[in-house]
Amino acid sequence: TLNSKPLKASVLEYTFPGDSISGDRAYYFRILSKDRVGNGSVSAERLVSVPDLKAPEPPANFTGSIADDGAVRLFWEHSVAKDAAGYWLYFANDPDDEFSSLNKKLLFENGYTYQIPTATLNEAIYYRVAAEDRNANRGKPSEVLKLKRPDKVPPVMPFQFQPVGDSRGIRLNWQRSASDDVATYRIYRRIYSENNSDTSGWELVQTLASTADTVFADTAAALDVLYEYKMMAEDDSGNRSEFTMAASARRALDPAQMQVKNFTAQLSADKKSAQLTWSFSPPADALPPGLAWEFLILKSQGSKNVEFLQAVSAGEPRFTDSTPLRAGVLYNYAVQVRFANGQEGQVSGVKSVMIE
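Residues numbered from 1 in each chain as written. Predicted model: local features only at pLDDT ≥ 70, side-chain atom pairs only at ≥ 80, totals over all residues. Heavy atoms only, no water.

Examining a negative patch on the surface
This is how the line gets drawn: Nonpolar side chains (Val, Leu, Ile, Met, Phe, Trp, Tyr) are joined into patches within 5 Å and like charges within 9 Å, using only residues with over 30% relative accessible area and no salt bridge. Areas reported as accessible are Shrake-Rupley estimates using a 1.4 Å probe. Residue values count occlusion only from the protein chains shown. Salt bridges are counted wherever a side-chain nitrogen of Lys or Arg sits within 4 Å of a carboxyl oxygen of Asp or Glu. Positive charges are assigned to Lys and Arg, negative charges to Asp and Glu, while His and the chain termini are left out of the count. We put the charge of a Lys on NZ, of an Arg on CZ, of an Asp on CG and of a Glu on CD. A helix here means a DSSP run of H or I that spans at least four residues, while a strand means a run of E at least two residues long, and both kinds are numbered starting from the N terminus.
Residues Asp94, Asp96, Asp97 and Glu98 make up a contiguous surface patch of negative charge. Mapped onto the elements, Asp96 comes out in the loop between strand E7 (84-92) and strand E8 (100-101).

Dropping the structure here:
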C-alpha cells in the first residue's frame, strides 16, 4: 500500500516519488478526506497504468556445445526480472558482424537445440541471448558465446616448388595452404621410384608449424642418392590435405669434402723410388651406404700438369712409384679419390721430389 503524507485542504494534486512506483504492475488510487473532528470519506477508485520502460537484464551463465554431427545445444539461467516473458537468441559467423535472430518466436524455455551443417569453412560460430518482458521490452544481449564448429573439411593442399640439391643437402620450398586453420606441414621422403603406382617407402622426415619459414633443408640426405619428396597440410582438428605431387632431387657431391688429407711425397732411402702416403675419411653420413671408392695417382715431370698414372684400391693409403727416377728431374705427384658411381673428389695439392 502506498500512502502520501497528510495534505492541506488547499492541495489539489500530489506526485508519488518515482522509486516507489514500479512499471511491472497496475495501481489503484483513492483519496481519503477528513474534517476537523476526524470524520472521513473515501473517493471512488481510479486505475492507473504505469508505462514499463525498463528492459530486463540479459540472462546469466550462457553456455553451449556443438556435437560432431552438428547438433548445437544452448543453455542459460532464467532472467531474474519479475516480468520476464521469454528469450531471443542471436548468431553470427564473425563476432564483428551483425548478429541475426535464431528463433522466429519468443522462447519460453532456458534452452535451445538445433542443427548446423558440418561442412563449412567457418571455424567457429558466435551466439548471444536476450530477455524480453511482458511489455515487449527486449533487453540488452548477453556477452558473446564462441563455440567451435566440428571441423570435417580438410585444408587446401600447399604448393611445393621443385627441390634443389647441393653439397649441403636438399632444399625444399613451398607456398602455404590457403586454409586459415592449418597447424602443421608434414614433409615425406623416399628413394626415387620409377613406378608411379608404388606407394611404399615414404617416411616422415619433418613436421613444421604453420608459422615456420616455408623452407626445409634435408641435411640428412645421403650423397648421390636420388630422392623424391611430397608434403601435406594438417589443420588443428587433425584433417589432412591431399599430398603435393612428388618431386625429386639429388644431393650433390662436394669435391672439397672428398679430398685426401696429409698427403706426402718423398724419395725412398735408396733414392730409386718415390713413396706417397695420405689419409682419407669422408664426413659421417655423407655417402650412400656401401658406396666404394679408389684412389687415383697423378704424376708429371717438370712444369707439366699432373696426369693419371695408376688406380689404387681403398686399402692402405700409400703408393710406391718404382718407375726409374732420373737425377735432376722434378717429379710431381697428386692423389684424388674416385667413387664407384663415377664421382670424384678434389685433387690434392701437388707434392714434388727430385734426385739431385
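So, the packing of aromatic side chains
Within a pair of aromatic rings, the relevant descriptors are the distance that separates the centres and the angle that separates the planes. Put simply, the rule is: Stacked, tilted and edge-to-face are the three classes assigned to paired rings of Phe, Tyr and Trp, where Trp is represented by its six-membered ring and a pair needs centres within 6.5 Å; plane angles under 30 degrees give stacked, over 60 edge-to-face, the rest tilted. Relative accessibility decides the category of a residue: with a 1.4 Å probe and only protein chains considered, values under 20% of the type maximum give buried, values over 50% give exposed, and everything between is partly exposed. Here, a charge over a ring is recorded when the distance from Lys NZ or Arg CZ to the ring centre is within 6 Å and its angle to the ring normal is within 35 degrees.
Enumeration according to the criterion identifies 13 aromatic pairs in this entry. Between Phe159 and Phe161, the ring centres sit 5.0 Å apart and the planes meet at 85°, which makes this aromatic pair edge-to-face. Judged by relative accessible area, Phe159 falls into the partly exposed class, the value being 47%. An aromatic cluster is defined as three or more aromatic residues linked by ring pairs; in this entry it consists of Trp278, Phe280, Trp293, Phe295 and Phe339. Here the basic side chain of Arg128 rests over the ring of Phe99, its NZ or CZ set 5.8 Å away from the ring centre. Looking at Arg189, its charged tip hangs above the ring of Tyr227, at a distance of 4.8 Å from the centre.

Some remarks on the layout of surface pockets
Defined as follows: Here a cavity is any set of points on a 1 Å grid over the protein atoms alone where a 1.4 Å probe fits but cannot get out, and a pocket is any open set with protein on both sides within 12 Å along at least 5 of 7 lines; a residue lines the site when it has an atom within 4 Å of a point. Grid points are joined across faces, edges and corners, and a volume is the space filled by probe spheres set on the points. We call Asp, Glu, Lys and Arg charged. Ala, Val, Leu, Ile, Met, Phe, Trp, Tyr, Cys and Pro are nonpolar, and the rest, Gly among them, are polar.
Approximately 1,000 Å³ is the volume found for the largest pocket. In this structure, the largest pocket is lined by 27 residues; those nearest its centre are Ser4, Phe16, Arg30, Ile31 and Leu32. For the lining of the largest pocket, the secondary-structure elements that each account for two or more residues are strand E1 (26-29) and strand E2 (32-34). Its residues assigned to classes, the lining of the largest pocket comprises 15 nonpolar, five polar and seven charged.

Some points on the sheet that holds strand E19 (residues 247-250)
The condition that has to hold: At least two bridges found by DSSP between two strands are what make those strands a pair. Working convention: axes come from line fits to C-alpha atoms, limited for helices to the stretch in contact. Angles between N-to-C directions cover 0 to 180 degrees.
In spatial order, the strands read E16-E15-E18-E19; together these four strands make up an open sheet with antiparallel pairing. Two strands lie at the open edges of the sheet, namely strand E16 (203-209) and E19, each paired on one side alone. Sheet twist, expressed as the average angle between the axes of neighbouring strands with direction ignored, equals 30°. When strand E18 (residues 226-235) meets E19, the two strands line up antiparallel, connected through four bridges. Across the sheet, residue Glu228 finds its bridge partner in E19, namely Ser248.

Structural notes on the sheet that holds strand E25 (residues 330-339)
Here we have four strands laid out as an open sheet, ordered E23-E22-E25-E26, and antiparallel in their pairing. Sheet topology places strand E23 (307-313) and strand E26 (351-354) at the edges, where each strand pairs with a single neighbour. With direction set aside, neighbouring strand axes in the sheet form an average angle of 30°.

Remarks on the nonpolar core
Our working rule: Nonpolar core, defined: a set of buried Ala, Val, Leu, Ile, Met, Phe, Trp, Tyr and Cys residues in which side-chain atoms within 4.5 Å join the residues together. By definition, residues are in contact when any of their heavy atoms lie within 4.5 Å.
In terms of nonpolar packing, the biggest core is built from 25 residues, with Met258, Leu276, Trp278, Phe295, Tyr333 and Phe339 touching the most fellow members. Of all the elements in the fold, those that place two or more residues in this core are strand E20 (261-267), strand E21 (274-279), strand E22 (293-301) and E25. If near-sequence neighbours (up to four positions away) are discounted, Leu276 is found in contact with Phe263, Thr264, Ala265, Ile297, Pro317, Arg318, Phe319 and Tyr333.

Quick notes on the pairing of strand E11 (residues 145-148)
Taking every second residue as pointing to the same face, the buried face of E11 carries Leu145 and Leu147, while none of Lys146 and Lys148 on the other face is buried. Relative to E11, strand E10 (residues 124-133) runs antiparallel, the two being bridged by four bridges. Bridge pairing links Ala124 to Lys148 in E11.

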